[in-house]
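# Coordinate inspection notes
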Amino acid sequence: MSTDTDTEARRQGRIVVVGASLAGLRAAETLRDQGFTGSLTMIGDEPYEPYDRPPLSKQALLGRARPEDTALPRRRDVDAAWRLGVAAEGLDRDARQVRLANGDTVSYDRLLIATGTRARPWIHPEEAALDGVFVLRTRDDSACLHRKLTSGVSRVLVIGAGFTGSEVASACRELGLEVTVAERGPAPLVGALGGVIGAAADRLQRSKGVDLRCGVSVTALEGDYGGRLRRAHLSDGTAIDAEVAVISLGAVRNTEWLAGSGVAAGPRGVACDAGCRVFDVNGIVTDDIYAAGDVARSPHPLFDYQFLSLEHWGNAVEQAEIAAHNMICAGTKRIPHLWVPMFWSSQFGINIKSVGVPPLGDQLVVTQGSLTEERFVAVYGYRGRVIAAATFDGAKWLGFYQEQIAAGAPFPPEYRTVDRRTETLQPVDPDFPDPHLPTHGPTVTLSGHSPSERRVQFVPSRA
Ligand SMILES: Cc1cc2nc3c(=O)[nH]c(=O)nc-3n(C[C@H](O)[C@H](O)[C@H](O)COP(=O)(O)OP(=O)(O)OC[C@H]3O[C@@H](n4cnc5c(N)ncnc54)[C@H](O)[C@@H]3O)c2cc1C
């Protein structure tokens, strides 16, 4: 079959999307935009139509946007059958069927896996069940937390100072609440941006009145007789009285429903090639199953061909569009997903952005502004080339650094930059924690070269 005939055939048939959120919706829109005329089924375990998550830890906690008003803008009608409020529980690749929690099965010709991540729960389930203990991933989580924060509580404990935890702490301070942040690492944002930038985040949080406790873990949450949280115990022997605890320990990828299906899915995500086609457990690429968004991990030539797992809004959009395109194209018409990672966060009045993969950096230099002034551009190098940049209130420069990363520009930068202070001209160690230690910090992770999990069963060929 010629590529054109094959592409024409792929514009028909049955496409099923599991995960009806940002990546799922944008993929569905792209499928219709690019001429897919077959049947489209959207399966989502949440009861809501796709909504936006970034406001849930920012405007929604402050009451400036209602969580129920965060529905994602629709680019077009997708003419789909929506199966909302029911989870996919299994995948039968031979029968090409998705099994739902209500016992139904949905048949597909091509499948998109876009099941994203969920909040990592507190380690002790009975403590997690205390009234006053929250996680933050869904619009219901955000609505409940906002109600609690505005109900007259006096002290909030945030466990984990990654991006989400830091944004929650920032919202608490804006609401006038006392907040303690307990972080196992040496500084906030350390897993994502390293200890040098983490130290600037540390100063920022303290200057805004956060009671920041780094280098400590919360060992236990204690409730009263009514089952309400009243105290947290820390590894340094201290205790903190708090009525609210927000567990911000990073995300877990939603891959359990794929167990036993033979696709390369595990705790690190669903492995796919740069065209978003999912690998099976033996490392053979499938041609009918695709992955996009937070749940996907794919190799990237800019980063040593290592598999990249991203928890970035922009990546979910772009990868979904490419997956959709490739689902209905054949051969040479397919395109690779080679996005340069880009992430933003707003906290304590500062707009923080990063481009590239900071945790890969072995050196760092501040090219503009100053760490002590909380307004700077920091550039990360890896084996002599620019690999990432992070800005505090300096986002306008990121496009430039994105080009530098894509071009493999030399590090340290050889050009003159504006507004450079003398204090940090020399490259320094960015001071990332040992990558082998578990950390909840990074929203972009290099997860090795293997497409399949180490624990997979070796299946020899049927000779
Ligand atoms: C509070 C918060 C703040 C954020 N802020 C930023 C930010 O400032 N900047 C930024 O770049 N990114 C931010 N992000 C990350 C961004 O929202 C994600 O990258 C994006 O939502 C990923 O989209 P996705 O569709 O891949 O996954 P998700 O949005 O996680 O959607 C996956 C969907 O699949 C559903 N699902 C899971 N399992 C099943 C199943 N078995 N069957 C059916 N459905 C299933 C899930 O319930 C969910 O609805 C933030 C995320 C959160 C939670």
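Note: the structure precedes this text.
All values reported here derive from a predicted model rather than from experimental measurement.

A separate point is the site of the ligand. Near the ligand, the surroundings consist of 30 residues, among which Asp 45, Glu 46, Arg 53, Lys 58 and Arg 137 are the closest. Measuring from an oxygen atom of the ligand, one finds a backbone N or O atom of Leu 22 at 3.4 Å. One of the backbone N or O atoms of Thr 117 is found 3.5 Å from an oxygen atom in the ligand. Burial of the ligand by the surrounding chains reaches 95%, relative to a free accessible area of 1,000 Å². Taken together, the elements giving at least two residues each to the shell around the ligand come down to helix H2 (22-33), strand S2 (39-44), helix H8 (313-327) and strand S24 (342-347). Counted by class, the shell around the ligand contains 13 nonpolar, 10 polar and 7 charged residues.

Our focus in this paragraph is the pattern of salt bridges. Within the structure shown, the criterion is met by 30 salt bridges. Taking the shortest distance from any N to any O, the salt bridge between Glu 8 and Arg 11 comes out at 3.5 Å. What makes Arg 11 partly exposed here is its relative accessible area of 24%. A salt bridge links Glu 46 to Arg 53; its shortest N-O distance comes to 2.9 Å.

A separate point is empty space enclosed by the protein. Within this structure, the stated rule accounts for 2 cavities of 30 Å³ or more. Taken as a whole, the largest cavity spans an internal volume of roughly 70 Å³. In terms of lining residues, the largest cavity is bounded by Ala 296, Ser 298, Pro 299, His 300, Leu 308, Leu 310, Asn 315, Gln 319, His 337 and Trp 339. Here the residues of the lining of the largest cavity sort into 5 nonpolar, 5 polar and no charged.

Time to look at the packing of aromatic side chains. Tallied over the entire structure, the rule returns 7 aromatic pairs. Arranged with centres 6.3 Å apart and planes meeting at 75°, the rings of Tyr 48 and Tyr 51 form a pair that is edge-to-face. A relative accessible area of 21% means that Tyr 48 is categorised as partly exposed. Judged by centre distance (5.0 Å) and plane angle (75°), the ring pair of Phe 400 and Tyr 401 falls under edge-to-face. The ring of Tyr 48 has Arg 139 lying over it, and the distance from NZ or CZ to the ring centre is 3.5 Å.

A separate point is the sheet that holds strand S20 (residues 277-279). Strand order in the open sheet formed by 6 strands is S3-S2-S1-S7-S21-S20, with mixed pairing between adjacent strands. Strand pairing shows two members of the sheet lacking a second neighbour, strand S3 (81-84) and S20, which therefore form its edges. Put simply, the sheet's adjacent strands are angled 30° from each other on average, direction ignored. Examined bridge by bridge, S20 and strand S21 (residues 285-291) share 2 bridges and lie antiparallel to one another. Bridge assignment links Phe 279 to a residue of S21, and that residue is Val 285. Sheet contacts for H8: strand S1 (14-18), strand S7 (110-113) and S21; angle to S21, the most-contacted strand, approximately 140°.

Reading guide: rules and limits
Residues numbered from 1 in each chain as written. Predicted model: local features only at pLDDT ≥ 70, side-chain atom pairs only at ≥ 80, totals over all residues. Heavy atoms only, no water. Near = heavy atom within 4 Å. Polar contact = N/O pair within 3.5 Å; in protein donor to acceptor, adjacent residues only side chain to side chain. Areas by Shrake-Rupley, 256 points an atom, 1.4 Å probe, with all protein chains shown as cover. Helix = DSSP H or I, 4+ residues; strand = E, 2+ residues; numbered from the N terminus. Nonpolar A, V, L, I, M, F, W, Y, C, P; charged D, E, K, R; others polar. Salt bridge = Lys/Arg side-chain N within 4 Å of Asp/Glu carboxyl O. Buried < 20%, exposed > 50% of the residue type's maximum accessible area, 1.4 Å probe, protein only. 1 Å grid on protein atoms, 1.4 Å probe; cavity = no way out; pocket = protein on both sides within 12 Å on 5 of 7 lines; lining within 4 Å. Points joined across faces, edges and corners; volume = space filled by probe spheres on them. Phe/Tyr/Trp six-rings, centres within 6.5 Å; stacked < 30°, edge-to-face > 60°. Lys NZ or Arg CZ within 6 Å of the ring centre and 35° of its normal. Pairing = 2+ DSSP bridges. Axes fitted to C-alpha atoms, helices over the stretch in contact; angles between N-to-C directions. Contact = heavy atoms within 4.5 Å.

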